[in-house]
Amino acid sequence: MRRGKEDAKEGARILLSNPFNNYQASIYLNSHFMPKLTYPFTSACFNTKQYDNIESTILPTAIAKMGFNRTWPLALRYGSHQFGGLGIRKLETEAMIKKIQGLQFLMETLILLD
């Protein structure tokens, strides 16, 4: 939990200290920051409140840097672009995807070993 919070603070610092435009901030969030943050979640077990705590460190900064109001409604934060949302991926959902991918990899490896 502490590592995730520290990574989120570092990501927020990077977003604030670099002269990213709106598009570049979105690219940084989706292509660099989220993979770095979600990588260790394959073996982590957090509850919803803990995921929300980590997200609350980075999301207001990221949303403001992307050119939107930092109090953007939750439903629109995670909604699709075609429906007026920002298209940000929810951290808890990404962690579950990582866990499922880890299980699939283990099952495929066991089948190949037989």
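Above: the structure in question.
Residues numbered from 1 in each chain as written. Predicted model: local features only at pLDDT ≥ 70, side-chain atom pairs only at ≥ 80, totals over all residues. Heavy atoms only, no water.

**Let's talk about the overall build of the chain**
A tally of regular secondary structure across the chain gives five helices and zero strands. Counting from the amino terminus, helix and strand elements in the chain follow one another as α-α-α-α-α. Over its C-alpha atoms, taken along the principal directions, the chain stretches across nearly 55 × 35 × 25 Å. Buried residues in the chain amount to 32% of all 114 residues. Counted over contacts in the chain with a minimum sequence separation of 6, partners at least 24 positions apart contribute 65%. Carbon and sulfur atoms form 61% of the exposed surface of the chain, whose accessible area is close to 7400 Å². Counting 14 positive and 9 negative side-chain charges, the chain places the averaged centre of each group 10 Å from the other. (Helix = DSSP H or I, 4+ residues; strand = E, 2+ residues; numbered from the N terminus. Buried < 20%, exposed > 50% of the residue type's maximum accessible area, 1.4 Å probe, protein only. Contact = heavy atoms within 4.5 Å. Areas by Shrake-Rupley, 256 points an atom, 1.4 Å probe, with all protein chains shown as cover. Lys, Arg positive; Asp, Glu negative; His and termini not counted. Charge placed at Lys NZ, Arg CZ, Asp CG, Glu CD.)

**Considerations on the packing of aromatic side chains**
By the definition in use, this model includes six aromatic pairs. Geometrically, the ring pair formed by phenylalanine 41 and tyrosine 51 is edge-to-face, given 5.6 Å between the ring centres and 80 degrees between the ring planes. Note that phenylalanine 41 is positioned in the loop between helix 2 (22-38) and helix 3 (48-65) and tyrosine 51 in helix 3, a separation of 10 residues in sequence. Here the aromatic rings of phenylalanine 46 and tyrosine 51 are separated by 5.5 Å at their centres, their planes lie at 75 degrees, and the arrangement is edge-to-face. In this pair, the class of phenylalanine 46 matches that of tyrosine 51, namely buried. Chaining the aromatic ring pairs together yields one cluster made of Phe20, Tyr28 and Phe33. (Phe/Tyr/Trp six-rings, centres within 6.5 Å; stacked < 30°, edge-to-face > 60°.)

That is the geometry; function is a separate question.
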